[in-house]
Amino acid sequence: MEPPANPGDSPVELELTVENVESALYQLYFDPDMELKNVAQKWLTQAQGSAQAWQFCWALLSPDKLPEVQFFGASTLHTKISRHWSDLPTDQHESLRMQLLSHILHFSSGPKMVLTRLCVALASMALNLIPQAWPQPVADMVRAFQPQKPDSEGGSGAEASQDPHAHCLALLELLTVLPEEFQSGRLAQARRAQLREALVREWVVVCPMLRQLLQSQDSSNQVKEKVLRCLSSWVGLDVPLGESHELVQDCFTALSNPELFDTAVETIVNAISQPDCQRYIDALVKLMPLVLGLHDQLKKAAQDGDMETSHGICRIAVAMGETHSRVLLEQVDHWQEYLALVNMILYCTGIPGHYPVSETTSSLTLTFWYTLQDDILSFEEEKQAVYLQVYRPVYFQLVDVLLHKSHYPSQEEYTSWSSDDKEQFRIYRVDISDTLMYVYEMLGAELLSNLYDRLGRHLMDPQQSAIWQDTEALLFGFQSIAETIDVNYSDVIPGLIGLIPRINISNVMLADTVMYTIGSLAEWLADHPVMLGGILPMVLQGLAKAELSVSSVSTLKRICRECRHDLGPYAQDILTVSQDVLVKEIHKSSQCMWLMQALGFLLSALPVDEILGRLHSLITPHVQRLDTLAQHELDPANKQSIVHILGMLSSLFTTLDINRQADGLEGAASPRLPASQSSQNPVVVVLQQVFTLIQTILSKWLDDSEVVEAVCGVFDKSVRTLLHDFGPMVAQLSEMLGQIYSAFPQASALDLARQMVHIFAGDEHHISNIKGLTEVLTSATLTIFQQGLRDHPDIAESFMHLHAQILKRKPDLYQSEQLDIKALFYCGILSLKFPETPTVKAASLFFTELLPRCKDMPSLGEVLQSDGKLLTETILQAVGGGSPRSLAEHFSEVLLSLNRHCPAMLSQWLKETLQTPGFPSAQVSTEQKHTFSQQLLREQTNKRRVKEIVKEFSLLCRGLQGSGYSDY
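Residues numbered from 1 in each chain as written. Predicted model: local features only at pLDDT ≥ 70, side-chain atom pairs only at ≥ 80, totals over all residues. Heavy atoms only, no water.

The name an unreviewed UniProt entry gives the protein is Importin-13, with Seriola lalandi dorsalis as the organism. According to its UniProt record, the protein has this under Sequence similarities (unreviewed entry): "Belongs to the importin beta family." For the protein, the Subunit (unreviewed entry) comment in UniProt is given as "Interacts with UBC9, RAN, RBM8A, eIF-1A and PAX6." (UniProt positions renumbered as here; feature names shortened; annotations may be inferred.)

Here is the structure:
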């Protein structure tokens, strides 16, 4: 029989027969048609909410039904009890409880999914009745499941004698889901506190029973596993460890049973990880020997390669040590036991094997060392000194262990690892690096001295230095610390810099770490430039190797940035090697960009009269290549090469700034030359020389956004870096930008124009060019808006940003007769309707820049008077549901600006627009709309309050107020 075709019928109209429900379930589970499945799903959900569900659920639980049908019956019971409890008359509570208990006993042998849902239903019922109507639920449940004599009254007792083992498991299932149902239920805070208190009182019944079952010789592994899971569930209620530590102790015996090991670990970890346990110090102290007693089992597991066992025991040790670090440190009488636990965790950190291939345990321990250190350093000075005496040696051992664990495997073994294993190992080394950096706070300069002495001894011994992993690990330790700690005052860094050139970097992994170590010392080298000569050749040697691409290029970039004023003697070598590797295309595109940025820093610090010559020799091969590509036919390979070369020029011009030279020298002997015609900025000279070539490229690739974006990128980076020095380029660039945008509008051209407005709109030498450019761009964009711009949110966004910048830097441009202000205003309104956040944000910015100027500029004031109502209506429609809720913040900024600069008009527009029935939403009443208007009009300065008012109104309009969504 088909379920009714219209799932929208009211519950009264649904034919809620057991047959109908079964038919819908068959459809849901077995029909291949997804549409029919969805119809059945909706119908069944509605059926569960009906009053008849209290009756038909029992019929579905009949023994002759399919398990899927029985499961739906049990789920329906849970739904009714958890969500529709108030529908059930009080006088039916007892009979429902007896029926549920009876069915749980009946299904105790399975199916498991049906049994669990019935247990959850009874647990939900108990939570509705505790404590007044059902003061001792656990005791009653235990009593109901106890084996009884066959001649006793009541069917359940007779059933109970049939299979005590199954009934024991069913009782444990019920006791397990009771706290879980409490944790997952939606409860008011006061009710939750009342229920938690009532359930914790029941623990005195549960705990002895669990102990008895766990200790009993007759209990099967299945029962014992259930006991462990049950304890784990109750622990979540913060039951007092003082009352359960004996049960937790019993759990340790289960660790010797392979079938119970995983569950026992989970339970013990849950039990001792409760922060509340710290109140029961005696109980924790009693558990300590049991944790320490696992050390032998841990060592054996590690030797046998039993990763699961070592992992589990480590979790227990870390849970005990980390959760209760401070409490256990303070137990002075037991300091040796806690030190033994710390050493046990240290063993776990250094467990044999390579992470993550032959061990996964060591990573669990790293946060413990942070916690222990924080707790030790938080004691007052005198007490701290005592603990440091004990634990500093342990932390020095930890450093040795961490460096050993960071070792790469042999090249052959590493090659055999999967890419996922390599990535996990990389992340693991980052975690070790962070730990070493943190440990430095406790060990201080002695740690660096220790590492330096070891590295020195290692490199002096030919046999030892042949083991590249040891060298790499020691350097990795140095780099970890130098990357984030100021080592400028360390007396071992000069020695380290002296040792580095002695390292044979034939191994790639070692060479990588050498490069990163040098990079981490770039700031130190800037203060000690005399040491650069010994280090730079290694970096340049690495630059020539593709396999060292990332590390060598990033290191050179750091050196060029930090030490640029001292690189004069080495500039030719750096430029020669860099040019060579760029021409040979040794590096990938992103590293080429980094390298050009490095060279930009380098060139910036050279004498000004040298820069142009060096710059020409650097870029000439690439410009020649660009010229050749410009003559070729259009094809993807050529395009990528063009974009790559333009990207390199952009990167170079991002950092090539001769103004930096004067800043860096702080009044030293080589000040910046004045920017006159005779001494134009070298970047401008180069741009003027390649301008015709760039025009040629654009003429061929004008309709390709990637090429146009790359061209605009070259000029954009130059404008941002050179600022007013870019002036000589303004006229020709303005003309070119107007031409390319008129032919093929692209957002990147608008973004470049915005930068030019930002820098040059206030400069009388360039204002005519800027004015002409903005007029051309605006005219072309208005035409696109008329044709429909929905598919180009990026152009709308950039256009709004451009005009916000014009209004901010040079609002006088709006006096031009060439600018159609009314059309611009309307474009802003259209942009507010876009669903894309960046576009709406840009349009909001445009209006918040425009509205304050309406009073002083009559032309703007006229447009606002005629179209302000449309703007208000558009914003209200968006807030009322026309746009995503996340955009409400931006609309509120426009409303605030309207209220601040034209409150009387806004009041009138709100009144006129909101009086329309059903606008902006049928969900809000006239009174609510009036309240919103009044609240809004009262706020002319408080941005946060306006956001709250608009957010509240938006929720009301969407019917979400009070639904829980208001928090998101």
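### Looking at helix α15 (residues 295-304)
Taken residue by residue, α15 has H295, L298, A301 and A302 as its buried positions. Projection of α15 onto a plane perpendicular to its axis shows the buried side chains occupying an angular sector of 125°, all on one side. Set apart from the buried face of α15 by more than 90 degrees, the exposed residues are D296, K300, Q303 and D304. Turning to α15, the residues buried within the fold contact α14 (281-292), α16 (307-323) and α18 (335-349). Following α15 by one or two positions, G305 adopts a phi angle in the positive range, close to 70°. (Buried < 20%, exposed > 50% of the residue type's maximum accessible area, 1.4 Å probe, protein only. Helix = DSSP H or I, 4+ residues; strand = E, 2+ residues; numbered from the N terminus. Arc of directions from axis to C-beta. Contact = heavy atoms within 4.5 Å.)

### Side note on the UniProt feature "domain: Importin N-terminal" (unreviewed entry) in the protein
As recorded in UniProt, the sites labelled "domain: Importin N-terminal" (unreviewed entry) are residues 40-106. When the span residues 40-106 is considered, its composition is 73% helix and 0% strand, and the gap between its end C-alpha atoms is 29 Å.

### Looking at the environment of V487
Note that V487 resides in the loop between α25 (468-482) and α26 (493-499). Each C-alpha atom of the pair V487 and L448 lies 9.3 Å from the other, and the pair is 39 residues apart in sequence. Residues contacting V487, with those up to four places away along its chain left out, are L448, A482, I493, L521 and W524.

### Comments concerning the pattern of salt bridges
The full count for this structure, using the stated rule, is 33 salt bridges. Here R454 and D400 are joined by a salt bridge, their closest N and O atoms 2.5 Å apart. A residue pair is termed long-range when its members are at least 10 positions apart, and R454 in helix α23 (residues 445-460) and D400 in helix α20 (residues 381-405) qualify at 54 residues. Judged by its relative accessible area of 27%, R454 falls in the partly exposed class. We note a salt bridge from K869 to E912, for which the minimum N-O separation is 3.3 Å. Of this pair, K869 sits in helix α44 (residues 858-882) while E912 is found in helix α46 (residues 903-914), placing the two residues 43 residues apart along the sequence. A relative accessible area of 32% places K869 in the partly exposed class. Put simply, E94, R97, D140 and R143 are held in one network by salt bridges that share partners. (Salt bridge = Lys/Arg side-chain N within 4 Å of Asp/Glu carboxyl O.)

### Some remarks on the state of the cysteines
Disulfide: a covalent bond formed between the sulfur atoms of two cysteine residues. Taken as a whole and assessed by the stated rule, the structure comprises zero disulfides. The structure places no disulfide on C251, whose sulfur is separated from the nearest cysteine sulfur, that of C207, by 9.6 Å. Left unpaired, C827 is separated from the closest cysteine sulfur, that of C854, by 16 Å. Assessed through its relative accessible area of 3%, C827 is described here as buried. (Disulfide = S-S within 2.5 Å.)

### Here's the deal with unusual backbone geometry
Look at the link from Y355 to P356: it is a cis peptide, with omega at 0°. Tracing the sequence through the fold places P356 in the loop between α18 and α19 (366-377). The peptide bond linking F919 to P920 adopts the cis configuration, its omega dihedral lying at 0°. You can see P920 is positioned in the loop between α46 and α47 (926-938). Backbone geometry at D238 places phi at a positive 65°, although glycine is not the residue there. Mapped onto the fold, D238 is located in the loop between α11 (221-235) and α12 (241-253). The exposure class of D238 is partly exposed, given its relative accessible area of 32%.

### What to know about the packing of helix α6 (residues 112-129) against helix α10 (residues 189-215)
Running from N to C, α6 and α10 cross one another at 110°; their axes reach a closest spacing of 10 Å. Of the possible angle classes, the one that applies to α6 and α10 is roughly perpendicular. Along its contact with α6, which presents L127, N128 and L129, the element α10 presents R191, L195 and L199. Here the contact of α6 with α10 is composed, by residue class, of four nonpolar, one polar and one charged. (Axes fitted to C-alpha atoms, helices over the stretch in contact; angles between N-to-C directions. Parallel < 35°, antiparallel > 145°, perpendicular 65-115°, else oblique. Nonpolar A, V, L, I, M, F, W, Y, C, P; charged D, E, K, R; others polar.)

### As for the environment of S798
Structurally, the position occupied by S798 is in helix α41 (residues 793-809). Judged by relative accessible area, S798 falls into the buried class, the value being 5%. Separated by 84 residues in the primary sequence, S798 and V714 place their C-alpha atoms 18 Å from one another. Excluding its chain neighbours within four sequence positions, the residues that come into contact with S798 are A747, L750 and D751. Within the structure, S798 has its side chain in polar contact with the side chain of D751 (distance 2.9 Å). (Polar contact = N/O pair within 3.5 Å; in protein donor to acceptor, adjacent residues only side chain to side chain.)

### Remarks on helix α30 (residues 549-563)
For α30, built from 15 residues, the straight-helix expectation of 21 Å at 1.5 Å per residue is met to within 8% by its first-to-last C-alpha distance of 21 Å. Of all the 15 residues making up α30, eleven are buried; the element is thus mostly covered by neighbouring parts of the structure. Those residues of α30 that sit buried are S549, S551, S552, V553, S554, T555, L556, K557, I559, C560 and C563. (Expected span 1.5 Å × (residues − 1).)

### With respect to the nonpolar core
W234, Y391, F715 and Y814 are the most contacted members of the largest nonpolar core, which has 316 residues in total. The element best represented in this core is α6, accounting for twelve residues. Setting aside anything within four residues of it in sequence, one finds Y814 in contact with H803, I806, L807, L819, I821, L824, F846, L850, M857, S859 and L860. Membership of the second largest hydrophobic core comes to 15 residues, among which are V21, L44, A53 and V69. (Core = buried A, V, L, I, M, F, W, Y, C linked by side-chain atoms within 4.5 Å.)

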